[in-house]
Amino acid sequence: MRALVEGVKMGLTSRKFWRVASVWLVCLLYVLFQGGKTSLMLFMMVSVLGFYWAIGGLGGVKRIRGSRTLSLSGERGAVLQAGDQVMVKLQLQLPAFLPLPYIVVRETLRRHNGDTWVFEDSVVPYFSSRSELVYKTPPLERGKYGFTGTHCSAEDIFGLVEHTSAFHTGGEFRILPRTVFIPHWELYSRNSRLAGPETAVALSRRESTQINGVRDYVYGDRISRIHWSATAKTGTWKSKEFEHESLPKMLLVLDAHTSGYLRSAQFELAVSTAASLLEYGARERISMGLCTLGKTLRYFPPAESYLERQQMLHQLVDINADGFGNYKDRLEAQQDLFQPGAFFILISPLADDKVLSMLRLAKSRQMIPYHIQIGDESAASGVPNAYRAGKRSAWQGTLQERGLRGVYVSSLRELPAAMGGAKL
């Protein structure tokens, strides 16, 4: 009933309605003043056609409702990551009687930064009151997505009048940043010199003699690690899980200032670098925290639990490079950031005094500073390799002169080699 009332209100404000009403009124006056079979036949044809238009508009398209189901087209289950495609199934609930030849369904998918995608297809109503529309989105980048609404339109069999309607249903989802597997980080190696003499603990992830639980057998485990009781009970090979020695905490500081990034792809690389390091910390059970220097400074203290790590990843989903202000002042205002003995990992495209001031600040607070410089692969494609290598080496030399360390990354595929200590 509500949809019918709204349809009547929209019809009264439509120009097409008044055009049809004016034609019907002219025919009515023609019958009243002229008379005859011709005028009566013309009046009856216009009346039947107007009644057909009214049924198609008020009792047809206006009453269409639907529900949306999303599913991932991939192998990771319900985890959506950059580059994945989403399968969308739209179930349409059609009226029992719909005197229209076809229906054009148009949906708009909107990203958190304002980008939109329009999906349009036609549906032919059959005798069944249900219809299904299935389509696949293009590969999507990280972000928060939502459907603004579903618009339905249809023309009558003569193609003279178009009926439209819109309804809203759920359909929001998040795409996690693109990541890469990091097998090894030289910063956490026993023989690494990157951490410098500031650390007093061994940085290797050694196992203690304390049993923490039981896990599935991995090819290469020693016979002494096999848990025979659990193997006999379950019928599958099980190994002992030992607790690991504690490692220094780590804080990832992501630069999200507008002035630092030349292109959006460079900022996406910085976000993917932070997300890849968070995944590395989750695998190695490293207590990691995150600080984003965007329009608002967001800080997540170092933690190892799954929930805190997911909060950090979701912070990276819809973050934009919209920060402003002085870097050092914003960091100094957040005193909880500086924990003595922790690693201070700065992810920034800058290579100037601003970076040096932040690294010196962390070092003065007894933290271990480390800089991951984010390069621009598209901008450097036309620059000779010798020039790029010289510029990169100059900044690395500047850091070493001040007792600091760092790496340079211009693409996500370079990140594992750079973290592992390889020369690019």
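First, a word on what this report is: a plain description of the structure on this page. (Residues numbered from 1 in each chain as written. Predicted model: local features only at pLDDT ≥ 70, side-chain atom pairs only at ≥ 80, totals over all residues. Heavy atoms only, no water.)

**Re the overall build of the protein**
So, point 1. Of the regular secondary structure elements, the protein holds 11 helices and 16 strands.
So, point 2. Taken over 424 residues, the protein has a buried fraction of 42%.
So, point 3. Put simply, of all contacts in the protein between residues at least 6 apart along the chain, 70% involve residues at least 24 apart.
So, point 4. Put simply, the protein shows about 23100 Å² of open surface, and 55% of that area lies on carbon and sulfur atoms. (Helix = DSSP H or I, 4+ residues; strand = E, 2+ residues; numbered from the N terminus. Buried < 20%, exposed > 50% of the residue type's maximum accessible area, 1.4 Å probe, protein only. Contact = heavy atoms within 4.5 Å. Areas by Shrake-Rupley, 256 points an atom, 1.4 Å probe, with all protein chains shown as cover.)

**Details of the packing of helix 5 (residues 264-284) against helix 6 (residues 306-315)**
So, point 1. Contact pair helix 5 / helix 6: the axes reach a minimum separation of 10 Å and the direction vectors enclose 170°. It follows that helix 5 is roughly antiparallel to helix 6 by the angle criterion. Seen from helix 5, the contacting residues are Ala275, Leu278, Gly281 and Ala282; seen from helix 6, they are Arg309, Met312 and Leu313.
So, point 2. Its residues assigned to classes, the contact of helix 5 with helix 6 shows 5 nonpolar, 1 polar and 1 charged. (Axes fitted to C-alpha atoms, helices over the stretch in contact; angles between N-to-C directions. Parallel < 35°, antiparallel > 145°, perpendicular 65-115°, else oblique. Nonpolar A, V, L, I, M, F, W, Y, C, P; charged D, E, K, R; others polar.)

**With respect to the environment of glycine 83**
So, point 1. Among the structural elements, glycine 83 can be located in the loop between strand 1 (65-73) and strand 2 (85-93).
So, point 2. Residue classification places glycine 83 among the partly exposed residues on the basis of a relative accessible area of 31%.
So, point 3. Each C-alpha atom, one on glycine 83 and one on proline 139, is 4.7 Å from the other, the two residues being 56 residues apart in sequence.
So, point 4. Residues within four places of glycine 83 in sequence aside, it is in contact with Pro139, Leu140 and Arg178.

**Some thoughts on the packing of aromatic side chains**
So, point 1. Applying the stated rule across the entire model yields 8 aromatic pairs.
So, point 2. Here tyrosine 145 and phenylalanine 173 contribute two aromatic rings whose centre-to-centre distance is 5.4 Å and whose plane-to-plane angle is 10°, an arrangement assigned as stacked. With tyrosine 145 in strand 6 (residues 143-155) and phenylalanine 173 in strand 8 (residues 173-175), the pair connects residues that are 28 residues apart, well separated along the chain. No difference in accessibility class separates tyrosine 145 from phenylalanine 173, as the two residues are buried.
So, point 3. Geometrically, the ring pair formed by tyrosine 261 and phenylalanine 267 is edge-to-face, given 5.1 Å between the ring centres and 80° between the ring planes. Neither residue differs from the other here; tyrosine 261 and phenylalanine 267 are each classed as buried.
So, point 4. For arginine 68, the ring lying beneath its charged end belongs to phenylalanine 147, and the centroid distance is 4.0 Å.
So, point 5. For the cation-ring pair, arginine 365 lies above phenylalanine 338, with the distance from its terminal atom to the ring centre recorded as 4.8 Å. (Phe/Tyr/Trp six-rings, centres within 6.5 Å; stacked < 30°, edge-to-face > 60°. Lys NZ or Arg CZ within 6 Å of the ring centre and 35° of its normal.)

**Description of a nonpolar patch on the surface**
So, point 1. A surface patch of nonpolar side chains, about 550 Å² in accessible area, is lined by Trp24, Leu25, Leu29, Leu32 and Phe33.
So, point 2. Position of tryptophan 24 among the secondary structure elements: in helix 2 (residues 15-33).
So, point 3. Using a relative accessible area of 35% as the deciding quantity, one classes tryptophan 24 as partly exposed. (Patch = residues over 30% accessible without salt bridge, like charges linked within 9 Å, V, L, I, M, F, W, Y side chains within 5 Å. Salt bridge = Lys/Arg side-chain N within 4 Å of Asp/Glu carboxyl O.)

**Details of the nonpolar core**
So, point 1. Counting residues in hydrophobic clusters, the biggest one holds 38 residues, and the most contacted among them are Trp185, Leu277, Ile345, Ile372 and Met419.
So, point 2. Among the secondary structure elements, those contributing two or more residues to this core are strand 11 (250-255), helix 5, strand 12 (288-293), helix 6, strand 14 (343-348), strand 15 (368-374), strand 16 (406-409) and helix 11 (415-419).
So, point 3. By residue number, the principal contributor to this core is helix 5, which donates 9 residues.
So, point 4. Apart from residues lying up to four places away in sequence, methionine 419 is in contact with Ile182, His184, Trp185, Glu186, Leu277, Tyr370, Ile372 and Val407.
So, point 5. Membership of the second largest hydrophobic core comes to 25 residues, among which are Val61, Val86, Leu90 and Tyr145. (Core = buried A, V, L, I, M, F, W, Y, C linked by side-chain atoms within 4.5 Å.)

**Here we look at the sheet that holds strand 13 (residues 297-303)**
So, point 1. Pairing is mixed in the open sheet, where 6 strands are placed in the order 13-12-11-14-15-16. Every other strand in the sheet has two partners, leaving strand 13 and strand 16 as the edge strands with one partner each. Neighbour-to-neighbour, the strand axes of the sheet open up by a mean angle of 15°, direction not taken into account.
So, point 2. As judged from the 4 bridges shared by strand 15 and strand 16, these two strands associate in the parallel manner. When the bridges of strand 16 are listed, isoleucine 374 appears paired with valine 409. (Pairing = 2+ DSSP bridges.)

**Details of the pattern of salt bridges**
So, point 1. A full pass over the atoms with the stated rule returns 9 salt bridges.
So, point 2. A salt bridge links glutamate 107 to arginine 68; the nearest nitrogen and oxygen atoms lie 2.3 Å apart. One end of the pair, glutamate 107, is in strand 3 (residues 103-111); the other, arginine 68, is in strand 1, with 39 residues separating them in the sequence. As far as the burial class goes, glutamate 107 and arginine 68 line up, both buried.
So, point 3. Between lysine 144 and aspartate 318 there is a salt bridge, with the nearest N and O atoms lying 3.4 Å from each other.

**Quick word on unusual backbone geometry**
So, point 1. Look at arginine 285: it is not a glycine, yet its phi comes out positive at around 55°.
So, point 2. Tracing the sequence through the fold places arginine 285 in the loop between helix 5 and strand 12.
So, point 3. Using a relative accessible area of 36% as the deciding quantity, one classes arginine 285 as partly exposed.

**Thoughts on the pairing of strand 13**
So, point 1. The pairing of strand 12 with strand 13 spans 5 bridges and is classified as antiparallel. Bridge pairing in strand 13 places threonine 292 opposite arginine 298.
So, point 2. As consecutive antiparallel partners, strand 12 and strand 13 are separated by 3 residues.

**Digging into helix 6**
So, point 1. Arg309, Met312, Leu313 and Gln315 are the residues of helix 6 that are buried. When helix 6 is viewed along its axis, its buried side chains cluster within an angular range of 160° and face the same direction. With respect to the buried face of helix 6, the exposed residues turned more than 90 degrees away are Tyr306 and Leu307.
So, point 2. Where helix 6 is buried, its residues contact helix 5, strand 12 and strand 13. (Arc of directions from axis to C-beta.)

**So, the side chain of threonine 137**
So, point 1. As for its placement among the helices and strands, threonine 137 is situated in the loop between strand 5 (130-136) and strand 6.
So, point 2. Side-chain polar atoms of threonine 137 contact the backbone nitrogen of valine 86, separated by 3.0 Å.
So, point 3. With near-sequence residues (within four places) excluded, threonine 137 lies in contact with Gln85, Val86, Val88, Leu109 and Phe119. (Polar contact = N/O pair within 3.5 Å; in protein donor to acceptor, adjacent residues only side chain to side chain.)

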